Structures are given as structure tokens and as C-alpha cells.
Amino acid sequence: GIVIFYLSSGIFNTVYPAGLYIKGLEKSAVLTVITVGMVFQILGFRISGQLLEKVEEKRVAFLSLLLRGSSYISLGIFSLLFFGIPIFLSGLVFYPLAAGIAYSLFYSSSNTMIFKIVGERSQGKGLGVYSTVVGLSLFIGSLLSGYFTHYLGYGEDFIIAGILLIVDSLLFRYLEEG
């Protein structure tokens, strides 16, 4: 599940700023969208600890994947249909949800699960493998994003990344039920 998350992140994050430029936004507007997303990420990390004390990690992971995936899909649909101001407004709504709130909640919940799995045994080796898998997933996702945007388009790239996260959420939902 974590592999799919970071693969999707590589697919989306590699081309999102370029997609904003292509869809008519000026540099200052792109910077505004990205900055608002990062502010929401800070806020998300501030609430994630409190939330994880009350709600099981698998549940938080499931819900954050749904939020991130549906936000990516929404950004993709807007990218397919609109140009200019609607792209800016959709970026101000859906990007902070995806890159801010959903990312911080998934990151916190998935890392908590990893630390519980690794436990006291072989922490260095376990976390080393985890970091390698994350890096490879992001790298492969970045390569795929170039292919997707070249042959399909930016909106399609965002939608593919979102669909991967929706599928990933089902895996975490299965973990939650099982």
C-alpha cells in the first residue's frame, strides 16, 4: 500500500506545477497554490498526532487515501475542462486537501504502522528497506508521469494518480476489516 502511495505521489507531484503553468497560471499563482498546500500540510501534521490517539492508524490511512485520491481526480477533471481562474481556484481547494491534510495524515499513520511492525527488532534494517522502497516508488512514479503527460496529458496524469490512491485505499480498508 505504501508503494502505491509513493508511486502515485511521484506521478502527480512531478508534473503538477508544470500543469498549472500549462493551464494558464502565472508564476505567482502557482507559488500561491503550492504555498497554501504546504501551510495546510503543517496544520495537518499538528492535528495528526491527536487524531491517531483517538482513531486506529489503518482507518486514518484509509480515509486519507480517499481524500487524496478524490482530490487528485478532481484536479484532473478541472485540468481537462478548464483554463486559468478555475484552475487556480480548484488548486486552492483540492491541492491543500491532497498535499496538505491527506498527505500529513497518511504519512503519520503509515509511519506509525511501520514502527509498530518493525518494533524493537532490526530497526535499522527495516527502516532502511522502507526508505529504499519509498525512494524507488517516487522515482518510478516520476518517470511514469513524464510518459503519461507526453502521451495522455496533465489532467489524465492527475486522474491516474488519483485512481491509484482510491485502489490503495481499498487495500487499507481490507487491512482495517481484517
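Refer to the structure presented above.
Residues numbered from 1 in each chain as written. Predicted model: local features only at pLDDT ≥ 70, side-chain atom pairs only at ≥ 80, totals over all residues. Heavy atoms only, no water.

Engineer: I would appreciate a short explanation of the overall build of the protein chain in the present structure.
Structural biologist: What the protein chain contains, in helices and strands, is six helices and zero strands. Reading the protein chain from its N terminus to its C terminus gives the helix and strand order α-α-α-α-α-α. For the protein chain, the C-alpha radius of gyration of 16 Å lies close to 16 Å, the compact-globule estimate for 178 residues. Residue burial in the protein chain is summarised as follows: out of 178 residues, 44% are buried. Counting every atom, the protein chain has about 9,100 Å² of accessible surface; 69% of that belongs to carbon and sulfur. Counting 11 positive and 10 negative side-chain charges, the protein chain places the centres of these two groups 4 Å from one another. (Helix = DSSP H or I, 4+ residues; strand = E, 2+ residues; numbered from the N terminus. Rg over C-alpha atoms; globule rule 2.2 N^0.38 Å. Buried < 20%, exposed > 50% of the residue type's maximum accessible area, 1.4 Å probe, protein only. Areas by Shrake-Rupley, 256 points an atom, 1.4 Å probe, with all protein chains shown as cover. Lys, Arg positive; Asp, Glu negative; His and termini not counted. Charge placed at Lys NZ, Arg CZ, Asp CG, Glu CD.)

Engineer: Would you mind showing me how to read empty space enclosed by the protein here?
Structural biologist: Rolled over the atoms, a probe with the dimensions of a water molecule shows which regions are left empty. Applying the stated criterion to the full structure yields one cavity of 30 Å³ or more. What the largest cavity holds in volume is close to 50 Å³. If you trace the largest cavity, you find it lined by Tyr16, Gly19, Leu20, Lys23, Leu75, Phe78, Ser79, Ile87, Ser90, Gly91 and Phe158. Every element with two or more residues in the lining of the largest cavity is listed here: α1 (2-22), α3 (57-81) and α4 (85-118). Here the residues of the lining of the largest cavity sort into six nonpolar, four polar and one charged. (1 Å grid on protein atoms, 1.4 Å probe; cavity = no way out; pocket = protein on both sides within 12 Å on 5 of 7 lines; lining within 4 Å. Points joined across faces, edges and corners; volume = space filled by probe spheres on them. Nonpolar A, V, L, I, M, F, W, Y, C, P; charged D, E, K, R; others polar.)

Engineer: Before we go on, may I ask you to explain α1 in this structure?
Structural biologist: The α-helix winds at 3.6 residues per turn, so residues separated by three or four positions along the chain end up facing the same way. Taking 1.5 Å per residue, 21 residues should reach 30 Å; α1 reaches 30 Å between its end C-alpha atoms and fits that length. The largest bend along α1 measures about 45° and falls at Tyr16, with the proline Pro17 one to four residues further on. The first or second residue beyond α1 is Gly24, which carries a positive phi of 100°. (Expected span 1.5 Å × (residues − 1). Bend = angle between axes of the 7 residues up to and from the residue.)

Engineer: Would you mind showing me how to read the packing of α1 against α4 here?
Structural biologist: Think of two packed helices as two axes; the pair is described by the angle between the axes and how far apart they sit. Packing of α1 against α4 brings their axes to within 12 Å, and their N-to-C directions diverge by 155°. Our classification of the angle between α1 and α4 gives roughly antiparallel. Considering only the axes of α1 and α4, their crossing is left-handed. Contact with α1, carried on its side by Ile2, Phe5, Tyr6, Phe12, Tyr16 and Leu20, involves Ile87, Gly91, Tyr95, Tyr103, Phe106, Tyr107, Ser110 and Ile114 of α4 and no other residues of that element. The class makeup of the residues in the contact of α1 with α4 is twelve nonpolar, two polar and no charged. (Axes fitted to C-alpha atoms, helices over the stretch in contact; angles between N-to-C directions. Parallel < 35°, antiparallel > 145°, perpendicular 65-115°, else oblique. Left-handed = near helix turned anticlockwise from the far one by under 90°. Contact = heavy atoms within 4.5 Å.)

Engineer: Hey, could you run me through the packing of aromatic side chains in this one?
Structural biologist: Centre distance and the angle of the planes are the two values used to describe a pair of aromatic rings. Overall, the coordinates contain 17 aromatic pairs when judged by the stated rule. Each ring, one from Phe5 and one from Phe106, has its centre 4.1 Å from the other, and the planes form 25°; the classification is stacked. Here the residue Phe5 occupies a position in helix α1, and Phe106 occupies one in helix α4, the gap between them amounting to 101 residues. By relative accessible area, Phe5 is classed as buried at 0%. Ring geometry for Phe12 versus Tyr95: centroids 6.5 Å apart, planes at 20°, classification stacked. With a gap of 83 residues between them, Phe12 in helix α1 and Tyr95 in helix α4 connect regions that are remote in the sequence. (Phe/Tyr/Trp six-rings, centres within 6.5 Å; stacked < 30°, edge-to-face > 60°.)

Engineer: Before we go on, may I ask you to explain the nonpolar core in this structure?
Structural biologist: One recurring pattern in soluble globular proteins is that nonpolar side chains are buried together. Within the largest apolar cluster, 35 residues are counted, with the highest numbers of intra-cluster contacts made by Phe12 and Tyr16. Top contributing element to this core by residue count: α4, with ten residues. Discounting chain neighbours no more than four positions away, the residues touching Tyr16 are Val33, Ile34, Leu75, Gly91, Tyr95 and Phe158. (Core = buried A, V, L, I, M, F, W, Y, C linked by side-chain atoms within 4.5 Å.)

Engineer: Explain the environment of Asp168 to me, please; I cannot follow it from the model alone.
Structural biologist: Along the polypeptide, Asp168 turns up in helix α6 (residues 154-177). Separated by 22 residues in sequence, Asp168 and Gly146 place their C-alpha atoms 22 Å apart. Not counting residues up to four positions away in its chain, the partners in contact with Asp168 are Gly1, Ile4, Phe5 and Leu65.

Just geometry here; none of it tells us what the structure is for.
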